[in-house]
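Listed here are the chains, written in short residue letters.
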Amino acid sequence: MKSSGNRHLDMLRLRWRSLFRRREMENELEAELKFHFDSLIESYVARGMTRGDAERRARIEAGIPALLKDQCRDERRISLWENVARDIFYSLRGMRANPGFVAAAAAAIALGIGANTALFSMVYTLMYRPLNVSDAGTFYNVHVETFGPGNRSTVGSQYNVSWPEFRFLREASRTATIAGLAEAEMTRKGDPRPVRAQLVSDNLLPLTGGRPVLGRFFEPKETISPGSTPVVVLSYHAWREWFAGDPAVAGKTIALNRQPFTVIGVAGQRTTGPVLLTPDVWIPLTMQAITRAGDPLIGSATTGWIQLFARPQPGQNKDAMQAELQLLAQQSLQPHLPQRQARASVEPGAYMNFPFVKRQSRPVLAILMLAVSLVLVVACANVANMLLARGLSRRREIAIRLSIGAGRKRLIQQLLTESVMLALVGGAAGLLVAWGAARVLLLLIPVELTGRHQLNPSPDAAVLGFTAVISVLTGVVFGLLPALQALRFDLTPALKTEGLDGGGRSGPRRLQNALIGVQVAVCLILLVNAGLLLRGFTHALNMDPGQRTTQLLITSFDLRQQQYDADRSSRFLNTLRENLKGTPGVIGVTASMVEPLYDQCDREARVPAAGSSGRKLRISCDSVAPDYFSTTGIRLLRGREFTEAEMRNQAAVAIVDERFAREAFGSSDQAIGATIRLIDNADHQVVGVAAAVRPLDISGSGLPRVYQPLRGIESQQAKLVVLYAGSPGEMEKAIREAAAKVDPTVTAGTKRIEESIQSVLIPSRLAASVAGGLGTLALILASTGVYGLVAFAISRRRREVGIRMALGASRGDVLRLVIWQGLKPVIAGSLAGLALAALASQALQAMLFGLSPLDPLAFVGTALLLTAMAAAAALLPAWSALRIDPAITLRVQ
Amino acid sequence: MSKSMDLLQGTLDLLILKVLALGPMHGYGVSLRIAQLSNDGLQVQQGSLYPALHRLEQQAWIASEWGISDNNRKAKFYSLTVAGRRQLRLESANWARVSELVGMVLSANGSER
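None of these values were measured; they are calculated from a predicted model. (Residues numbered from 1 in each chain as written. Chains lettered and ligands numbered in written order. Predicted model: local features only at pLDDT ≥ 70, side-chain atom pairs only at ≥ 80, totals over all residues. Heavy atoms only, no water.)

(A) A look at the overall build of chain B. Summing up its helical and strand segments, chain B has four helices and three strands in all. Beginning at the N terminus, the succession of helices and strands in chain B can be written as α-β-α-α-β-β-α. Counting only residues that meet the buried cut, chain B has 42% of its 113 residues in that class. Counting only contacts in chain B whose residues sit at least 6 apart along the sequence, the fraction spanning at least 24 positions is 48%. In the structure as shown, chain B presents an accessible area of about 6,600 Å², 54% of it carried by carbon and sulfur atoms. (Helix = DSSP H or I, 4+ residues; strand = E, 2+ residues; numbered from the N terminus. Buried < 20%, exposed > 50% of the residue type's maximum accessible area, 1.4 Å probe, protein only. Contact = heavy atoms within 4.5 Å. Areas by Shrake-Rupley, 256 points an atom, 1.4 Å probe, with all protein chains shown as cover.)

(B) Structural context of the overall build of chain A. Scanning chain A for helices and strands turns up 30 helices and 23 strands. Taken over the C-alpha trace, chain A has a radius of gyration of 37 Å; the compact-globule value for 893 residues is 29 Å, which it surpasses by more than 25%. Projected onto its principal axes, the C-alpha positions of chain A cover 125 × 80 × 60 Å. Accessible surface, chain A: about 40,900 Å² in total, of which carbon and sulfur atoms supply 59%. Averaging the coordinates of the 99 positive side-chain charges in chain A and doing the same for the 72 negative ones gives two points 7 Å apart. (Rg over C-alpha atoms; globule rule 2.2 N^0.38 Å. Lys, Arg positive; Asp, Glu negative; His and termini not counted. Charge placed at Lys NZ, Arg CZ, Asp CG, Glu CD.)

(C) Local environment of the interface of chain A and chain B. Taken together, the contact pairs 30 residues of chain A with 30 residues of chain B. Taken over both partners, the interface formed by chain A and chain B buries close to 2,900 Å², and the fraction arising from carbon and sulfur atoms is 52%. When the area that chain A buries against chain B is broken down by residue, the three leading residues are Glu32(A), Phe35(A) and His36(A), summing to 25%. Where chain A meets chain B, there are three salt bridges. The tally of links from chain A across to chain B stands at eight residue pairs in polar contact (both at pLDDT 80 or more). (Buried area = accessible area lost by both parts, 1.4 Å probe. Salt bridge = Lys/Arg side-chain N within 4 Å of Asp/Glu carboxyl O. Polar contact = N/O pair within 3.5 Å; in protein donor to acceptor, adjacent residues only side chain to side chain.)

(D) How the structure looks around the pattern of salt bridges. Residue and element names in this part refer to chain A. Scanning the entire structure with this criterion turns up 39 salt bridges over all chains. Notably, a salt bridge pairs Lys-34 with Asp-38, separated by 3.0 Å at the nearest N-O pair. Separated by four residues within a single helix, Lys-34 and Asp-38 lie in helix H2 (residues 22-46), roughly one turn from each other. According to the relative accessible area criterion, Lys-34 is partly exposed, its value standing at 43%. Residue classification places Asp-38 among the buried residues on the basis of a relative accessible area of 13%.

(E) Representation of unusual backbone geometry in the model. Residue and element names in this part refer to chain B. Not every positive phi belongs to a glycine, and Asp-40 is a case in point at roughly 65 degrees. Mapped onto the elements of the fold, Asp-40 is located in the loop between helix H2 (27-37) and helix H3 (46-58). The exposure class assigned to Asp-40 is exposed, which follows from its relative accessible area of 53%. A positive phi angle, close to 65 degrees, is found at Asn-72, a residue other than glycine. Within the secondary structure layout, Asn-72 lies in the loop between strand S2 (62-68) and strand S3 (74-80).

(F) Quick look at the confidence of the model for chain B. Averaged over chain B, the pLDDT score is 83; the fraction of residues at 70 or greater is 88%. Both scores are given for the predicted complex: the pTM is 0.71, the ipTM 0.84. (pLDDT = per-residue confidence, 0-100.)

(G) Fine view of the nonpolar core. All names here are of chain A. Ranked by size, the top nonpolar core spans 81 residues in total, and within it Val-383, Leu-422, Phe-478, Val-786, Val-826 and Leu-866 carry the most contacts. The residues contacting Leu-866, other than those within four sequence positions of it, are Val-520, Cys-523, Leu-524, Leu-527, Leu-779, Val-826 and Ser-830. Listed in part, the 49 residues of the second largest apolar core include Tyr-140, Leu-199, Ile-283 and Met-321. (Core = buried A, V, L, I, M, F, W, Y, C linked by side-chain atoms within 4.5 Å.)

(H) Inspection of the packing of helix H26 (residues 762-796) of chain A against helix H28 (residues 811-840) of chain A at higher detail. Residue and element names in this part refer to chain A. Remark: H26 packs on H28, axes separated minimally by 10 Å, with the N-to-C direction vectors making an angle of 140 degrees. Regarding the angle of H26 to H28, the classification is oblique. Taken as a pair, H26 and H28 cross one another with a handedness that is right-handed. Facing Val-786, Leu-789, Val-790 and Ile-794 of H26, the residues of H28 in contact are Val-818, Gly-822, Pro-825 and Val-826. The class makeup of the residues in the contact of H26 with H28 is seven nonpolar, one polar and no charged. (Axes fitted to C-alpha atoms, helices over the stretch in contact; angles between N-to-C directions. Parallel < 35°, antiparallel > 145°, perpendicular 65-115°, else oblique. Left-handed = near helix turned anticlockwise from the far one by under 90°. Nonpolar A, V, L, I, M, F, W, Y, C, P; charged D, E, K, R; others polar.)

(I) Structural view of the side chain of Ser592(A). All names here are of chain A. Within the secondary structure layout, Ser-592 lies in strand S14 (residues 586-592). Residue Ser-592 is classed as buried on the basis of its relative accessible area of 0%. A polar side-chain atom of Ser-592 sits 2.8 Å from the main-chain carbonyl oxygen of Val-594.

(J) View of the sheet that holds strand S1 (residues 25-26) of chain B. Residues and elements named next belong to chain B. With antiparallel pairing, the three strands of this open sheet are ordered in space as S1-S3-S2. Bordering the open sheet on either side are S1 and S2, each of which pairs with just one other strand. Relative to S3, S2 runs antiparallel, the two being bridged by seven bridges. Residue pairing for S3: Glu-65 is matched across the bridge by Phe-77. In the packing of helix H1 (residues 11-21) onto the sheet, the strands contacted are S1, S2 and S3, and the crossing angle to S3 comes to about 100 degrees. (Pairing = 2+ DSSP bridges.)

(K) Fine view of the packing of aromatic side chains. All names here are of chain A. Scanning all chains against the criterion turns up 14 aromatic pairs over all chains. With a centroid separation of 6.0 Å and an interplanar angle of 0 degrees, the aromatic rings of Tyr-159 and Phe-354 are classed as stacked. Taken as a pair, Tyr-159 in the loop between strand S2 (153-154) and helix H7 (163-172) and Phe-354 in the loop between strand S12 (341-348) and helix H11 (355-393) lie far apart in primary sequence, 195 residues in all. By relative accessible area, which is 12% here, Phe-354 ends up buried. With 5.8 Å between their ring centres and 90 degrees between their planes, Tyr-564 and Phe-572 make a pair best called edge-to-face. The burial state of Tyr-564 is the same as that of Phe-572; both residues are buried. Counting every residue linked through ring pairs, the aromatic cluster contains Phe-120, Tyr-124 and Phe-466. (Phe/Tyr/Trp six-rings, centres within 6.5 Å; stacked < 30°, edge-to-face > 60°.)

(L) Local environment of the pairing of strand S13 (residues 552-557) of chain A. All names here are of chain A. Of all six residues that make up S13, five are buried, and the element is covered over most of its length. Judged from the five bridges that link them, S13 and strand S22 (residues 719-724) form a sheet pairing that is antiparallel. The residue bridging Ile-554 from the neighbouring strand is Val-721, located in S22. Here S13 pairs with strand S23 (residues 748-752) via five bridges, running antiparallel. The residue of S23 that forms the bridge with Phe-557 is Ala-748.

(M) Spotlight on H7(A). All names here are of chain A. Inspection of H7 places Trp-163, Glu-165, Phe-166 and Leu-169 among the buried residues, and these make up the whole buried set. Along H7, the residues classed as buried sweep out an arc of 160 degrees about the axis, all on the same side. On its buried face, H7 is in contact with strand S3 (176-187), strand S11 (307-312) and helix H10 (318-333). (Arc of directions from axis to C-beta.)

(N) Region of the structure containing the packing of helix H25 (residues 753-760) of chain A against H26(A). All names here are of chain A. H26 packs onto H25 with a crossing angle of 50 degrees between their chain directions and a minimal axis gap of 4 Å. Here H26 runs oblique to H25, going by the angle between their axes. Judged by residue contacts, Gln-758, Ser-759 and Val-760 of H25 engage Ile-762, Pro-763 and Arg-765 from H26. In terms of residue class, the contact of H25 with H26 is built from three nonpolar, two polar and one charged.

Right, here's the structure in full:
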């Protein structure tokens, strides 16, 4: 190629040619070397040699042509890519020739990578995946956090802002278009199902890129003055379900929370809102008061309830918004909380990118991530062992390639390419597995309870990228050891037939045993912890929670949606309790704020109340009606229940549990009559001491508990608790009728305490089944690993077995020998695994309901299970080895 | 190159550049010329020569072109580029300096027995 005079340009052109005009380059190289060769011959002939001698001489001088060409290509720096392409081709051919091996290895990898991909896509979908809005890259969540002096509370997420703060931010921002949203459950007249509403600013729907298919969205003037504009935009599915897709729906009226709303438009099918749950309807933010009767948030400057969304204005970006909103957030507090600090953060839009969610989920995710990586480790060790075995049988091929001049580095590169290709096949299968699993899991979500979600389980570029990267890494990890091992031997014996046998050398066998040991150990870590979680779960089912777990019905009402204020709510509950008392089948009736067996409250109490020297105690709390303890079966150790009068008068009395009495006063006797100061700064006199209950709620605080009489505003959300005799169905009907007699518009939702136990235990059941699933995967992998090892060892030692049997060894002897060989690494791995599992299980303490993290049953049980599986896996190939006819095996050689 | 006369790393590159400075030449010609100029003292073998030629071309110090050889056959001719000429000056000066220094060390008096 002619020089252009510019060196860098020349180099670029050469690289281009080397990469893309390969055939041409190859031909040239060939011709160039041929010319040299011919010229040499001619010169030798000219010096008087015979043609034959000259050719021989030239050939000696030329060396190995293939090697020379390789070196020239190397100089052109293209060999790397060319080699990769050739290796890929070569490994594909190899894979086609060995479909059984590929299927086995790919299946193992698919399980390992599938578990990892599933976890990744779950976390990614919730925390990072762009929202289902148009132009999602420029759609942001804005989180405002406040701290310091002054009282400010939030409803919903802790990053929500109040109505005046929202108005200020929206008006003042020059860098961002800011929209607000709040979620509420409402009741539609004549529909027993709750209606999910999104309360929005006028610009929210347009900001998400939504378009009305009918009518219009909100106008700015409709979201300014509180309470003035009862208009509603229907979601597409609500329009279809409630109005059968009536094209003339605009202008019609629907009653939500007893308030007539005028339908102004219908959103398109793809307009689903920027949060996880898709709403049935949108109403203006200014209609907030009717979603929360008696406790309107819109009038409070210090209650945050509006979630913020933003897009940069033309010419602005995230950094500019971040800088400006930080200043504005601080200014927004100025009128009502001048001393308080604000911190604003602008995050790329995602369903759950709240800083505290990220913080709090970290430990759980860390455990999950560890678990799925352990499964992958087992899969890697498993496939590495398969490759090792295969490497031994490919020795001859490798020896030949080495002896004809292939470099060791090149061979390692080729072996690694093979394993990476294998891993990619496994990874692709794993992706399908994870996708399928995600779809199934999403189908299992009870949408009637949680509301329609818009989680999309299908993999996108990020998930594909993750799977590809993890596959390549996996391929390198499980391929490296066998590749290095495959090259570590002497050429000469390997080329001869005895090299095929690989007998006598302990290197690879030791490595194989070590890999089995690793699989068993890691598998045991997973299994033991799964066993512990399962034991913890059954333990929770069987343990005495300190209260009745049968014959209780728990009923909740939509009093808030029905515009009930505090007075009306308590009147409703009191009347209902009174009326039910006479109903046949009702043994006891009461009410409480917190559902029995749950533990949802974390507060402080000061003891003793008098003086400032009091000790602070963290407590869990509940507010209850009279007869609570007799109805729920919680034993009252001292004192008495609350009276009707105490509840009606909001008397400053309290009932504490045994633990609180002991911690605060030393004993139950001393607690009676003492005073404690609760969060409302009122002194409460202790009138009773109850036995401690054991909440099944693992997210609960598990702290000493203090009960107060149920207050009016709490009645709005209190649960009616009924102790009944006879059939729960009859009783449920009776309660519904009794409630309808007080107010027919109120909807009652009833569940049995047994159902309540099931749902409160969902997290522990989920943990146990996830751990169990991963443990089972690992167990399958490890068992097939042991099976493979033993089968392989036997196939290598057929001759030895044949000789032993020919010499009179009994079948038992041979069986013992073979199985022992297979079980040695299993036992070593088990011991290591048990020790590691004991360390790991400490992290699960909170989910074990008091069960020891060293529970011997879980440890010994799973170790036995694993050993039994391994023994069976070893027995299978050993058994077939015994059917060997010595005469045949001896003849094979 | 012959086993008894291992050339220092980079020396072969310098020799090739020098030979090509005399005029365009094919690979075989380069090996002949080096042998001739060293009175058959330096035998450059193909295993070293061709990788070196490709390396130098890749560095754009030499360029190649197909032409007709003395014996009337198509051959690939290499020639020095402008950058190659500069490189040759640089390397020659460098070589001269190194050989002078090595000579100084080796000619130190007295210590050799």
